[in-house]
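Topology and contacts: notes
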Amino acid sequence: MEVKTSLLDNMIGVGDMVLLEPLSEDSFLENLKKRFDHNEIYTYIGSVVISLNPYRSLPIYTPDKVEEYRNRNFYELSPHIYALADEAYRSLRDQDKDQCILITGESGAGKTEASKLVMSYVAAVCGKGQEVNKVKEQLLQSNPVLEAFGNAKTVRNDNSSRFGKYMDIEFDFKGDPLGGVISNYLLEKSRVVKQPRGERNFHIFYQLLSGASDDMLKKLKLERDFSKYNYLSLDSATVSGLDDAANFRTVRNAMQIVGFMEDEMQSVLELVAAVLKLGNLDFKPESRCNGMDESRVKDKNDLKEMCELLGIEQSVLERAFSYRTVEAKMEKVSTTLNVAQAYYARDALAKNLYSRLFSWLVTRINESIRAQAKTRHKVMGVLDIYGFEIFEETDNSFEQFIINYCNEKLQQIFIELTLREEQEEYVREGIEWTNIEYFNNAVICDLIENNQNGILAMLDEECLRPGTVTDETFLDKLNTICAEHQHFESRLNKNSKFLNDHSLPHNCFRIQHYAGKVLYRVEGFVDKNNDLLYRDLSQAMYKANHSLIKQLFPEGNPAKVNLKRPPTAGFQFRASVGTLMGNLQTKNPNYIRCIKPNDKKAAHIFTDSLVRHQVRYLGLMENVRVRRAGYAFRQAYEPCLERYKMLCKNTWPHWKGPARQGVEVLMTDLQVPAEEFAYGRSKIFIRNPRTLFFLEEKRKQCLEDLATLIQKIYRGWKCRSHFLLLKKSEIVVAAWYRRYAQQKKYQKIKHSTTVVQSYTRGWQARKLLRELKYQKKCEEAVTTIAAFWHGTQVRREYRKFFRANAGRKIYNFTIQRIMQKYFLGLKSNLPSMSPIDKSWPARPYSFLEGVHAELRRIFHLWRCKKYRSQFTEEKKAVYEEKLEASELFKDKKALYPSSVSQTFKGDYLEMVKNPKYQKLSSAVDEKILLADVVNKINRANGKSSPRLFLLTKKSVILADQKTGQVKTSLPLPDLSSVSTSTQSDGFFALKLKEGSSSAVKGDFLLSSDHLIEIVTKLHRISSLAADREKLNVDISDEFLVQFKQDKVCVKFIQGSPKNGNGVSCKRKNNRLLEVSVPTSP
Ligand SMILES: Nc1ncnc2c1ncn2[C@@H]1O[C@H](COP(=O)(O)OP(=O)(O)OP(=O)(O)O)[C@@H](O)[C@H]1O
Ligand SMILES: [Mg+2]
């Protein structure tokens, strides 16, 4: 069970000042001191947290503490800043109320630390996840960056914030952080050029020089030695407990996490270096002809290095330190600067450069941490603004005035909101409210910010006024206008009631702030309010070849010259404070009032007077009084009933009805006087702390009684339970044992029975087995004998059939199978039907050799028969002629091969159709088998003359080619033979039978292109005629022909080249006719 402690438990002093009794300033301080001495640095005034700076680290910010305070009610645990952070976060997340955390207190009171504690608590308890963690980390890491550039060591605080910071952390509906927006307020830029004694410049300068590597310093043209730089005060350059080098690394790392690019970081450091360099510029006077002094840069080395760093042309900057151009409408007037003005310009540039860099850093961080989602955000604002500041004597200047004004406004909002909230709560709860007197500092705010006659308005008026304006004229103005104001004091006015107050110098005025009187020296007010930077300088900066510098001085852009005066510093600040106040008023406020226990920054020291002063000006007593004016303590009914229900029998231990009724029953039962409390709608209000302590005392007693009762009952319960447990165990053990013993016995009996049974069954079974075996053996014997006997019988019967025929059958069967396979194979592999196809499948078995060859022959014959059967009678006759020609001439005459492809046409002259030969054809009775033109060789000289050659079944007719007149008709029976040569010529001799009627004419020597056809046809006709002998065909290169009386030898010779390609025939002499045939190619 969760143990709940309360604000009222183990209290050191009083945790909530509202309960302080009696209430006085002394008892208030005493309570604070008591708690401070016991390391209880937080104390409440209602919902306001007072925080005392412990100046040492306490073990109260551990993760365990975070867990302890997480999701707990505000008054549930002892006072802690985490309780406030948790309350704010939960009402933001669960009730959708925007929150702001206002942290106030003077410099060094622990505001910045408190703001970081709040942020880290919220970061620890809100959602987790990669994206959320990144946002958290960026929000947290923006602190070191801004602290490095905006914090400095002052006499009051080693890490004093020299700017005001308000950070809005944005959450989504789940309470996960989405991002944030930081607003910064007026950086104390005068610190850049001058620091009060015992203080130093902004941390970053020292961090850069101590922490940067040699390489980086060289790049930035810097030296590590602080003493080399005029802007760095040396008396407190190092601060004990502050490691600048380590912090530099932290800052760089933080910049990286926030999202600065490497080149951005480099640019920022270049600007920091440039400011240091700027401080080292010295000027000397140079007389001009008009008698005026003009300033010149003394040692130009620093200027050169600075210009190189920022990419500025040296001459431009140098000129800006010597001249000043004033532009008015269309005119431009250039005046020279004297040395003092040059120094002024230098410092103004340095201050502007640094403060603009700072504002740029804030903008850049905002860019990184800006929430991405566009949905409505819930916002928690954390305000950490510079604390109220009072310097010694007359050291308070414009900055302190501004800072204190801001604190004045915060006090105002505190008063307003606390009272309003208190009042609203009473109204909300329906409780009667009586007004309480308190000091309202609105009158001081009015003195400063009133638009007509407020100090800031007058300062602006003075700055804008034409004519000579000095700080003194400003003071004069104040004296005339504010002299009557009860919070304004000054001596200048002759009628002043402060004329004799020597603590009030003449050049000062004093304001009675809510936190005390502060003496301000007017020197510098006008200047600082004007915040003037010569236009030549801003233009020189704009011309720089350095993107960051260019961005920082947009007004230097010559294209956008603005002749209007920029708003004054005071005006700007007033406006931004106005916006801030407006913003804070829309949010639910949560206050942390920081108190500084001593001036020595030391632990364990509680300087009474110092704390008393702060308690007074922070109005804490009034705060308590207001809180107690009505009712000192209030609590919701549920927790109240939960806490005190043991004080009444009716509510203890459980109250079933509504909590309010329970509380009413409780209060009646306890007889608390009716005027001591009131019932609100959701809370009970207790007027006097005494009543609460009475309740607490009663509760404590009751708790002791209850504890005894609980102890008693618990012990009794424990013993009884132990006994019951023993009893129960005994029964269980006994039962288990009995069961075990019975089990054992039973198993023994069962075992014995089984043994006996098994013996009996075994004996019976063996007996049966023996009998069965014998029976089986008998049956097997009979079967075996019968089988043998039958076998013998069958074998005897079948033996004779089996051996004699089996071999042949198998053989025949095998042969049959082989043949069948062979024939089927052959069938599928038969060659083509072409008679000239010589292919034939291979034989599969050698014993088929004869069959295979025979089948091939039969197949071929059959194929030829098939081929022949396609022929017609005419075609057959043609082939028979061709066959005969082949038998006659093949391999005998060289002309033969060329005739094979020629068709034997017969009638080459188309005798019937051609009218030219009509007469001739009619003269021939027979059918003309061949008609052609042949050459008849002249017997005398071997020359040839054409003749028509006609062949009929009975005769050969030679006719004149032209006239068609029959010259010779040779009956075929008169022909004895035909002679031809072996060569490729077309010569042939028709030899006549001696003694025939035609023989008188002598043999004929003819030549024809169709020699083979003519001779074949002649031979065929003679062989077909049954009544005649066959015509002889002689083939020889030398043969005799009978020319009338002479026998002439016709000789065929191979043609010589002289004879050309044609066949030539010549009568050599009486006996020889020579035919020369060209050699066939
Ligand atoms: N809760 C704390 N625990 C430990 N040390 C603390 C705590 N609060 C403050 N300090 C110490 O006090 C110093 C000053 O605190 P801090 O810088 O927060 O003051 P401040 O109120 O912001 O002052 P300023 O107005 O000058 O900025 C811190 O540097 C730190 O050493
Ligand atoms: Mg601070």
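In short, a report on the structure. Along each chain, the written sequence defines residue order, and numbers are assigned to residues from 1. Chain labels run from A onward and ligand labels from 1 onward, assigned in the order the entries are written. Note on the predicted model: pLDDT of at least 70 is required for a residue's local features to be given, and 80 or more for side-chain atom pairs to be given and counted; whole-chain, interface and lining totals, by contrast, use all residues. Only hydrogens and water are set aside when side-chain values are computed; all heavy atoms of the structure are taken into account.

**Some details on the overall build of the protein chain**
Starting at the N terminus, helices and strands are each numbered in turn, a helix being any DSSP run of H or I of at least four residues and a strand any DSSP run of E of at least two. Looking only at helices and strands, the protein chain has 31 helices and 31 strands in total. The C-alpha radius of gyration of the protein chain comes to 71 Å, more than 25% above the 31 Å expected for a compact globule of 1081 residues. Along the three orthogonal principal directions, the C-alpha set of the protein chain runs to about 200 × 145 × 55 Å. We call a residue buried when its accessible area falls under 20% of the maximum for its residue type, exposed when it is over 50%, and partly exposed in between, using a 1.4 Å probe and counting protein chains only. Taking all 1081 residues of the protein chain together, 48% fall into the buried category. The globule rule used for comparison is 2.2 Å times the number of residues to the exponent 0.38, while the radius of gyration itself is calculated over C-alpha atoms.

**Things to note about the site of ligand 1**
Every one of the 18 residues lining ligand 1 counts as a neighbour, but Ser 107, Lys 111, Thr 112, Ser 160 and Ser 161 are closest to it. Here a polar contact is taken to be a pair of N or O atoms separated by no more than 3.5 Å, where protein atoms must pair a possible hydrogen donor with a possible acceptor and residues adjacent in sequence count only if both atoms sit in side chains. Contacts to ligand 1 include Ala 109, whose backbone N or O atom sits 3.3 Å from an oxygen atom. Within the backbone of Gly 110, one N or O atom sits 3.0 Å away from an oxygen atom of ligand 1. Here the Shrake-Rupley method, with its probe set to 1.4 Å, supplies the accessible areas, and only the displayed protein chains count as covering residues. For ligand 1, the protein covers 86% of the area, taking 620 Å² as the surface of the free molecule. Where the shell around ligand 1 is concerned, the elements lending two or more residues are α4 (111-125) and β5 (160-161). Amino acids outside the nonpolar list (Ala, Val, Leu, Ile, Met, Phe, Trp, Tyr, Cys, Pro) and the charged list (Asp, Glu, Lys, Arg) are all regarded as polar, and Gly is one of them. Looking at the shell around ligand 1, its residues break down into four nonpolar, 10 polar and four charged. For this description, a residue counts as near a given molecule or strand if any of its non-hydrogen atoms is within 4 Å of it.

**Observations regarding the coordination of the magnesium ion (ligand 2)**
Around a metal, the ideal angle is 109.5 degrees if four donors adopt a tetrahedral arrangement and 90 or 180 degrees if six donors adopt an octahedral arrangement. Distances decide who is a donor: an N, O or S atom must be within 2.8 Å of the metal, or within 3.2 Å for Na, K and Ca. Water is not included, so sites may look incomplete. Here the magnesium ion (ligand 2) is held by the protein donor atoms Thr 112 (OG1) and Ser 161 (OG), which lie 1.9 to 2.0 Å from it. Of this pair, Thr 112 sits in helix α4 while Ser 161 sits in strand β5, placing them 49 residues apart in sequence. With respect to burial, Thr 112 and Ser 161 carry one shared label: buried.

**Here's the deal with the sheet that holds strand β24 (residues 975-980)**
Taken together, the eight strands give an open sheet; going across it, the order is β23-β22-β21-β20-β26-β25-β24-β27, and neighbouring strands pair in mixed fashion. Pairing within the sheet leaves two strands with one partner each, and these edge strands are β23 (966-971) and β27 (1032-1035). Sheet twist, expressed as the mean angle between neighbouring strand axes with direction ignored, is 30°. Direction of pairing for β24 relative to strand β25 (residues 987-992): antiparallel, over a ladder of five bridges. Note: two strands are recorded as paired if DSSP finds a minimum of 2 bridges between them. Think of each axis as a best-fit line through the C-alpha atoms, taken over the contacting stretch in the case of a helix, with angles from 0 to 180 degrees between the N-to-C directions.

**Overview of the sheet that holds strand β18 (residues 677-679)**
Taking strand neighbours across the sheet as the criterion, the three strands line up as β17-β19-β18 in an open arrangement whose pairing is antiparallel. Of all strands in the sheet, those bounded by a partner on one side alone are β17 (633-636) and β18. Averaged over all pairs of adjacent strands, the angle between strand axes in this sheet comes to 15°, irrespective of strand direction. Judged from the three bridges that link them, β18 and strand β19 (residues 683-686) form a sheet pairing that is antiparallel. Its bridge partner lying in β19, Phe 677 is registered against Ile 686. Across the sheet, helix α24 (residues 637-644) lies against β17, β18 and β19, angled at about 95° from β17, the strand it touches most. Should any heavy atoms of two residues lie within 4.5 Å, those residues are considered in contact. Contacts from helix α25 (residues 659-670) reach β18 and β19 within the one sheet, and its direction differs from that of β18 by about 155°.

**Regarding the pairing of strand β26 (residues 1004-1007)**
Here β26 shows no split at all, with Phe 1004 and Leu 1006 on one side and Leu 1005 and Ser 1007 on the other all buried. The sheet contact formed by strand β20 (residues 930-937) and β26 spans two bridges and is antiparallel. Bridging from a neighbouring strand, Asn 935 pairs with Ser 1007 of β26.

**Focus on the side chain of His 377**
You can see His 377 is positioned in the loop between α13 (339-369) and β12 (378-384). Note on His 377: relative accessible area 18%, which makes it buried. Side-chain polar atoms of His 377 contact the side chain of Glu 170, separated by 3.3 Å. Apart from residues lying up to four places away in sequence, His 377 is in contact with Asp 98, Glu 170, Phe 171, Leu 178 and Ala 371.

**A word on the nonpolar core**
Residues belong to a common nonpolar core when they are buried Ala, Val, Leu, Ile, Met, Phe, Trp, Tyr or Cys residues joined through side-chain atoms within 4.5 Å. The biggest cluster of nonpolar side chains holds 207 residues, and the ones touching the most others in it are Phe 28, Phe 149, Leu 317 and Phe 509. Among the elements that make up this core, the one with the highest residue count is α13 (14 residues). Excluding residues within four positions of it along the chain, Leu 317 makes contact with Leu 303, Met 306, Cys 307, Ile 312, Leu 349, Leu 537, Ala 540 and Met 541. Among the nonpolar cores identified, the runner-up in size contains 29 residues, and Val 956, Leu 958, Val 978 and Val 1033 belong to it.

**Thoughts on the side chain of Glu 884**
Residue position: Glu 884 is located in helix α28 (residues 873-889). With relative accessibility at 10%, the residue Glu 884 sits in the buried group. Side-chain polar atoms of Glu 884 contact the side chain of Arg 1020, separated by 3.1 Å. Beyond its immediate stretch of four places on either side in the chain, Glu 884 contacts Thr 1016, His 1019, Arg 1020 and Ser 1023.

**Focus on the environment of Ile 818**
Counting through the fold element by element, Ile 818 comes out in helix α26 (residues 689-828). A sequence separation of 446 residues divides Ile 818 from Gln 372, and the C-alpha atoms of the two residues are 96 Å apart. With near-sequence residues (within four places) excluded, Ile 818 lies in contact with Tyr 845 and Phe 847.

**Examining the packing of aromatic side chains**
Pairs were defined over the aromatic rings of Phe, Tyr and Trp, the Trp ring being its six-membered one, requiring ring centres within 6.5 Å. Orientation was assigned from the angle between planes: stacked under 30 degrees, edge-to-face over 60, tilted for the rest. If you walk through the whole model with that rule in mind, you get 35 aromatic pairs. Aromatic side chains Phe 677 and Tyr 679 sit 5.2 Å apart centroid to centroid with 65° between the ring planes, which places their arrangement in the edge-to-face category. Taken together, Phe 398, Phe 401, Phe 474, Phe 488, Phe 509, Tyr 520 and Phe 525 form an aromatic cluster joined through their ring pairs. Across the ring face of Phe 414, the terminal group of Arg 593 is positioned such that the distance to the ring centre comes to 3.7 Å. Consider the ring centre and the ring normal. A charge sits over the ring if Lys NZ or Arg CZ is within 6 Å of that centre and within 35 degrees of that normal. A cation over a ring is seen here: Lys 882 above Phe 904, with NZ or CZ 4.1 Å from the ring centre.

**Section: α25**
With 12 residues, α25 should cover 16 Å at 1.5 Å per step; its first-to-last C-alpha distance of 16 Å lies within 8% of that length. The set of residues buried in α25 consists of Ala 659, Gly 662, Val 663, Leu 666, Met 667 and Leu 670. With its buried residues spanning 130° around the axis, α25 presents them on a single face. Looking one or two residues past α25, Gln 671 carries a phi angle of roughly 60°, positive in sign. Helix span, as expected, comes to 1.5 Å for every residue beyond the first. For this quantity, the arc is that covered by the directions from the helix axis to the C-beta atoms.

**Quick look at the pairing of β24**
Taking burial as the measure, the six residues of β24 include five buried ones, the bulk of the element. What sits between the antiparallel neighbours β24 and β25 is a turn of six residues. Both β24 and β27 contribute to a ladder of four bridges, which runs parallel. The partner of Ser 979 across the bridge, within β27, is Asp 1034.

**Things to note about the pattern of salt bridges**
Should a side-chain nitrogen of Lys or Arg be within 4 Å of a carboxyl oxygen of Asp or Glu, the pair is scored as a salt bridge. In this structure the tally under the stated criterion is 59 salt bridges. A salt bridge links Asp 94 to Arg 93; its shortest N-O distance comes to 2.9 Å. Between Arg 843 and Glu 849 there is a salt bridge whose closest N-O contact spans 3.5 Å. With a relative accessible area of 47%, Glu 849 lands in the partly exposed category. Taken together, the salt bridges that share partners define one network made up of Glu 25, Asp 26, Asp 608, Arg 612 and Arg 616.

**Thoughts on the packing of helix α7 (residues 203-211) against helix α10 (residues 262-279)**
For the pair α7 and α10, interaxial distance at closest approach is 11 Å and the crossing angle is 100°. For the element pair α7 / α10, the angle class is roughly perpendicular. Where α7 abuts α10, its residues Ile 204, Phe 205, Leu 208 and Leu 209 lie against Leu 269, Val 272, Val 275 and Leu 276. Taken together, the residues of the contact of α7 with α10 break down into eight nonpolar, no polar and no charged. Each angle gets one of four labels, with under 35 degrees taken as roughly parallel, over 145 as roughly antiparallel, 65 to 115 as roughly perpendicular, and the rest as oblique.

**Section: the environment of Asp 669**
With respect to the helices, strands and loops of the structure, Asp 669 is situated in helix α25. Taking the C-alpha atoms as reference, Asp 669 lies 8.5 Å from Leu 647; in sequence the two are 22 residues apart. Leaving out residues up to four positions away in the same chain, Asp 669 has contacts with Leu 647, Cys 648 and Lys 649.

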